[in-house]
Amino acid sequence: QVQNEIAYEKNQKYVGKAVRVLVDGTSKNNQNVYTSRTDGGKIVHFECDKNYTGSFINIKITRTDTFALYGEIIENN
């Protein structure tokens, strides 16, 4: 329980920040949810209708849980 609390607190520091991720692929349960990882190995989930598998993209973190970050794609202008 203590480790879960520490992990959650550390992940909370990412909320509102942009991270660069490498997209691993889609979720087994939802083809519109992608799984990716930061250069530090943190798991980041985001929804998208375009296939970014194998690409580096920028994600703004909107929420977290103990073991993963969740966000949305930052569109390049």
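Scoring rules and cut-offs
Sequence order as written defines residue numbering, which begins from 1 separately in each chain. Local features in this predicted model are restricted to residues whose pLDDT is 70 or higher, and side-chain atom pairs enter the listing and the counts only when it is 80 or higher, whereas totals over whole chains, interfaces and linings include all residues. Excluding hydrogens and water, the side-chain figures rest on all heavy atoms present in the structure. Numbering of helices and strands runs from the N terminus, with a helix taken as a DSSP run of H or I at least four residues long and a strand as a DSSP run of E at least two residues long. The quantity called the radius of gyration is restricted to C-alpha atoms. Its globule counterpart is 2.2 Å times the number of residues to the power 0.38. The buried label applies to any residue whose accessible area, calculated with a 1.4 Å probe on protein chains only, is under 20% of its type's maximum; exposed applies above 50%, and partly exposed to all values in between. Any pair of residues with heavy atoms lying within 4.5 Å of one another is described as a contacting pair. Two residue types count as positive, namely Lys and Arg, and two as negative, namely Asp and Glu; His and chain ends fall outside the count. Here the site of a charge means atom NZ of a Lys, CZ of an Arg, CG of an Asp or CD of a Glu. We count a salt bridge whenever a side-chain nitrogen from Lys or Arg sits within 4 Å of a carboxyl oxygen from Asp or Glu.

Visitor: Now, about the overall build of the protein: what can you tell me, with residues and values included?
Guide: Scanning the protein from N- to C-terminus turns up one helix and five strands. Going from N to C terminus, the protein has its helices and strands arranged as α-β-β-β-β-β. Since a compact globule built from 77 residues should have a radius of gyration of about 11 Å, the 12 Å found for the protein is in line with a globular shape. Put simply, the protein has 77 residues, and 35% of those count as buried. At a minimum sequence separation of 6, the contacts of the protein that also span at least 24 residues come to 45%. Here the protein contributes 10 positive and 9 negative side-chain charges, whose respective centroids are spaced 5 Å apart.

Visitor: A description of the pattern of salt bridges should follow, citing residues and the corresponding values.
Guide: Overall, the coordinates contain one salt bridge when judged by the stated rule. Here Arg37 and Asp24 are joined by a salt bridge, their closest N and O atoms 3.8 Å apart. Residue Arg37 is located in strand S2 (residues 33–38), and its partner Asp24 is located in strand S1 (residues 18–26); the two are separated by 13 residues in the primary sequence. Residue classification places Arg37 among the partly exposed positions, given a relative accessible area of 38%.

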